[in-house]
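Each chain is listed here by its residues.
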Amino acid sequence: MLPDELREQFAKEIAQVENPREKAIDVMYEIQRNFGYMSDGAMIEAAELLSMSPVELEEIATFYNFILREPVGRHVIRVCDSAMCWLDGYQSILDYLRSRLKVEMGGTTDDGLFTLLPVCCIGYCDRAPAMMINRTVYGYLTTEKIDRILQTLVDQSKTSSSD
Amino acid sequence: MGEYPQVLFQNRKPRRIVTLDEYRQSGGYQALERIIRGKTPKQVIERVTEAELRGRGGAGFPAGKKWSLVPDDAPFPRYIVVNSDEMEPGTFKDRVLIHADPHTVIEGIIIAAYAVSAEKGFFFIRPSYETSAVILERELENARQAGYLGDNILGSDFSFDIVVHRSGGRYICGEGTAILNAIMGKRPNPIKPPPYPTVKGLWEQPTVVNNVETLAFVPHIIRNGPDWFKSLALTESGSGTKLYCISGKVNNPCCVELPIGVRLSEIIEEHCQGMRPGSEFKACLPGGASTRYMTPEHYDIQMDFDTLSEVDHRLGTAAIMVFDHKTCLVAATLNLTEFFARESCGWCTPCREGLPYVRDLLWRIENGEGREEFIPMIRTMSKHFWNAYCALAPGAAGPIESLLTFFEDEVREHISQKKCPFK
């Protein structure tokens, strides 16, 4: 299922290190960047490239917060629920996201644009409450700010789909 | 406000990253040139040992001593692991440091590598710090172009390079041995020493694991000397400055560089511009989520490893999380325990089973279903945490045990009123 181009890129990167499995996370991140998540097929192919058995890669994949084994929306929203964000409005931020996106925690919007996930402390306690969308962090969240952020992403998706 | 010497933040600019040239203009990379031209690895270790530089990642282990634990006749290759996992709630200093002046970190790593004759370094970074990872990859390339990294550094026979290793994201990866498994692409359970990583670490080879902030001090110690470094601290026993990151119910949550030994009251009142309007200081976790609640009794304490341990507290990462009188500490402890329960790697029983057990009891107390006997049950269970394999569960015991020690009345109120009195 992985395109030849990607397979070649991985083979090249893996050849540069002494121990192939050192690249396990990088390979999975790159696959996720292309396909959103690690499908069963991608797991098997990635494991082979990394000289690992699929189950060895599975025990790593399922261990990590940022490796996804199920399909997600184009934008994965992770809301920090650790102490300092909790202290500063995590619950109202989460409630607002749930009602605005009409999804529960773990769910994906009908248009496939957003998935809502929990995340523990992301290290932006000075800008609480905070969340991540894909790899970008947003702090000092308010409902107005969330509106602006989400609207920008919705607009972007309209432009890119009409291309 | 007290003006204190800035070491790691001396070049810090508002809203932008210090460039390689700016770092050099402030004396950057002179320490590396000096040691490469005329100091043996042993001399470097001696200077850092004399400076009494203690690990800034939480444990406070002396950096020079750690480096000297790599045996003289240890095999090659040897590795350096730079720990920027920083997943402890409340802690964000490594991010601020990398974004402020990345080259003080890079130079520190190269000098550490020289001291232990390492040939490869792994910069371990968590997923939410992707910006830091990108900054570092760019600045490492700049350092390479300038001859500070790669083969034959500054024309010498010393060769060393650093790769950025992205984490899949799990708190346990910051543990000093789990990080090794993480880098090797194995399930990141901690490895119980001995042998210590300095003897057998990555791929069974000698490996030194240091925190980012610890390493960033090294060039400055080499340049200005151990006595200068020790004199920066305000306590007799302390050494150097520290990055304090303060969050919670203060007006200005921030990351500031202040001397070791600065008073907690000064940090809150001057550097954080005091408590928020309508908030009174109730307690703080002085060094991240795995330290004990510190009450107003110690509001004026000098923030140093030794002064805190004398009163049964820990400086940890100096991530000060401030709670006000309107915050329910049962709920706060429940949140912290939830974090530890979720992030436990599950390898050993006291942590895997004990943490969810205590979390459930705290949940019941917070939600009006608590009973008197839960209090001794939580006490007993959190003592078992100390039988765990690594420091995660004993760390988790910090807030739990201190909640029952200092705020037992508040816990009992929840039980007797059958609800959270703060709601």
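Summary of the structure given here. For every chain, the first residue of the written sequence is number 1, and numbering continues from 1 along that sequence. Chain letters and ligand numbers both follow the written order, the letters beginning at A and the numbers at 1. With pLDDT at 70 or above as the cut-off, local features in this predicted model cover only qualifying residues; side-chain atom pairs require 80 or more to be listed or tallied, and sums for whole chains, interfaces and linings still use all residues.

1. Looking at the overall build of chain A
In step 1: Only DSSP runs of H or I covering at least 4 residues are called helices, and only runs of E covering at least 2 are called strands; the numbering of each starts at the N terminus. Across its full length, chain A carries seven helices and four strands.
In step 2: Dimensions of chain A, computed from the C-alpha atoms along their principal axes, are close to 45 × 40 × 25 Å.
In step 3: Expressed as a percentage of its 163 residues, the buried residues of chain A come to 37%.
In step 4: Put simply, 57% of the contacts in chain A that link residues at least 6 apart link residues at least 24 apart. For the exposure call, what matters is how many other C-beta atoms sit within 10 Å of a residue's own: 20 or more marks it buried, 12 or fewer exposed, and in between partly exposed, using C-beta atoms placed from the backbone. Throughout, a pair of residues is in contact if the C-beta atoms placed from their backbones lie within 7 Å.

2. Some details on the sheet that holds strand S2 (residues 120-125) of chain B
Residue and element names in this part refer to chain B.
In step 1: At least two bridges found by DSSP between two strands is the condition for calling them paired. Spatially, the four strands line up as an open sheet ordered S3-S2-S1-S4, and their pairing is parallel. The two strands at the open ends of the sheet, each matched to only one other strand, are strand S3 (161-166) and strand S4 (207-211). The average undirected angle you get between the axes of adjacent strands in this sheet is 20 degrees.
In step 2: Where strand S1 (residues 79-84) meets S2, six bridges bridge the pair, whose relative direction is parallel. Bridge pairing in S2 places Asn83 opposite Phe124. Whenever a helix is involved, its axis is fitted only over the stretch in contact; in every case the axis is a line through C-alpha atoms, and angles between N-to-C directions fall within 0 to 180 degrees.

3. Quick notes on the sheet that holds strand S8 (residues 319-324) of chain B
Residues and elements named next belong to chain B.
In step 1: Pairing within the open sheet is mixed, and its four strands lie in the order S6-S5-S8-S7. This sheet does not close on itself; its edge strands, each paired only once, are strand S6 (254-259) and strand S7 (281-285). Within the sheet, the average angular offset between the axes of one strand and its neighbour, ignoring direction, is 30 degrees.
In step 2: The pairing of strand S5 (residues 241-248) with S6 spans six bridges and is antiparallel. Paired with Lys242 across the strands is Leu258, a residue of S6.
In step 3: Those strands touched by helix H11 (residues 264-271) are S5, S6, S7 and S8, and its axis lies near 135 degrees from that of S6.

4. With respect to the interface of chain A and chain B
In step 1: Across the boundary between the two partners, chain A contributes 30 residues, which contact 38 residues of chain B.
In step 2: Breaking the side of chain A that touches chain B down by element, the ones donating at least two residues are helix H2 (24-35), helix H4 (54-61) and helix H5 (83-87) of chain A.
In step 3: Each residue belonging to the side of chain A that touches chain B can be placed in one class, and the counts come to 20 nonpolar, four polar and six charged. Only Asp, Glu, Lys and Arg are considered charged, only Ala, Val, Leu, Ile, Met, Phe, Trp, Tyr, Cys and Pro nonpolar, and every remaining residue, Gly among them, polar.

5. Focus: unusual backbone geometry
Trans is the prevailing form of peptide bonds, just as negative phi is the prevailing case for residues other than glycine.
Residue and element names in this part refer to chain B.
In step 1: Across the junction of Pro193 and Pro194, the peptide omega takes the value -5 degrees, indicating a cis bond.
In step 2: Checked against the element boundaries, Pro194 lands in the loop between helix H8 (178-183) and S4.
In step 3: Even without a glycine there, the phi angle at Ser117 is positive, about 55 degrees.
In step 4: When you line up the elements, Ser117 lands in the loop between helix H6 (102-116) and S2.

6. Regarding the pairing of S1 of chain B
Residues and elements named next belong to chain B.
In step 1: Taking burial as the measure, the six residues of S1 include six buried ones, the bulk of the element.
In step 2: What you see with S1 is no split at all: Tyr79, Val81 and Asn83 on one side and Ile80, Val82 and Ser84 on the other are buried throughout.
In step 3: Of the pairings in the sheet, the one linking S1 to S4 comprises five bridges and is parallel in character. In the strand pairing of S4, Val82 is matched with Asn210.

7. Looking at the nonpolar core
In step 1: Put simply, a nonpolar core is buried Ala, Val, Leu, Ile, Met, Phe, Trp, Tyr and Cys residues tied into one set by C-beta atoms within 7 Å. Grouped together as the largest cluster of nonpolar side chains are 158 residues, with contacts concentrated most on Ile109, Ile110, Ile111 and Ala112 of chain B.
In step 2: If we skip the residues at most four places from it in the chain, Ile111 of chain B touches Ala31, Leu32, Ile35, Val44, Val218, Pro219 and Ile222 of chain B.

No statement about biological role is implied by the geometric values presented.
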